[in-house]
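Chain by chain, the residues:
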Amino acid sequence: MAWIVEDRLKQYQPKRSEPYLTAEIKAHIEQKYFPRYPRKQAALLPLFHTIMHTYGYIAPQAIDEAAAFLEISRAQVQDAVTFYEEFRLQPSGKYVVNVCRSISCELCGHQAVLDKIRDVFGIEPGETTDDDKFTLFEVECLGACEQAPCALVNEDLHGCLDPQAFASRLQALPDHPAAGH
Ligand code: FES
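The notes below deal with the structure included here. The model shown is predicted, which means the values in this text are computed figures rather than measured ones.

### Considerations on the sheet that holds strand β4 (residues 156–158)
Logical step 1: Overall, mixed pairing links the 4 strands, which are arranged β2-β1-β3-β4 in an open sheet. Looking along the sheet, the strands with just one partner apiece sit at the ends: β2 (134–139) and β4. Strand-to-strand twist across the sheet, computed as the mean angle between neighbouring axes with direction ignored, equals 20°.
Logical step 2: For strand β3 (residues 151–153) and β4, the ladder comprises 3 bridges, and the chain directions are antiparallel. Its bridge partner being in β4, Leu152 is matched across the sheet by Leu157.

### Regarding the packing of helix α7 (residues 110–121) against helix α8 (residues 163–171)
Logical step 1: Look at α7 against α8: their axes get within 9 Å of each other, and the N-to-C directions meet at 45°. In terms of orientation, α7 lies oblique with respect to α8. Crossing angle aside, the handedness with which α7 passes α8 is right-handed. Across from Ala112, Val113, Lys116, Ile117 and Val120 in α7, the residues of α8 making contact are Pro163, Gln164, Phe166 and Ala167.
Logical step 2: Classifying every residue of the contact of α7 with α8 gives 7 nonpolar, 1 polar and 1 charged.

Conventions adopted
- Residues numbered from 1 in each chain as written.
- Predicted model: local features only at pLDDT ≥ 70, side-chain atom pairs only at ≥ 80, totals over all residues.
- Pairing = 2+ DSSP bridges.
- Helix = DSSP H or I, 4+ residues; strand = E, 2+ residues; numbered from the N terminus.
- Axes fitted to C-alpha atoms, helices over the stretch in contact; angles between N-to-C directions.
- Parallel < 35°, antiparallel > 145°, perpendicular 65-115°, else oblique.
- Left-handed = near helix turned anticlockwise from the far one by under 90°.
- Contact = placed C-beta atoms within 7 Å.
- Nonpolar A, V, L, I, M, F, W, Y, C, P; charged D, E, K, R; others polar.

In structure tokens, the structure reads:
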């Protein structure tokens, strides 16, 4: 049996003075989600989604703040945030390219899509380009199997991918995504 040792020092992110859970985010969650559920804890996933939409990732400090806000332990928050792969714990590029690796996409050539992205942009899954424009991930089924192979670029689904055409489409994206993407 091998031990997997993580370099926690590299994961260290200094605390910032202003909170991630701003008054605006808290008010949004309190007004929209707290009335729906008997316990604050139930608003954990909507809170994560709000943090992801606002910052693009969930910082360790945001996990602490979420625990305090929802009156649960940090371990409970950490448990949930690490269970779902769409919640990222590190900053990513301006465009997050999620290539589906589940069975339909695998059979229809997801590896060729990944290979083309590696050749053109020089990144493997989990990596970000030097200009911080693209981060690549492999993800499970995107629910669009009839369009395999497919990928989600930020919130836009791209289906029936031709590797070269997809890479060209990515290259043509503006340096800054439009608001809401
Ligand atoms: S297997 Fe790729 S979208 Fe379902």
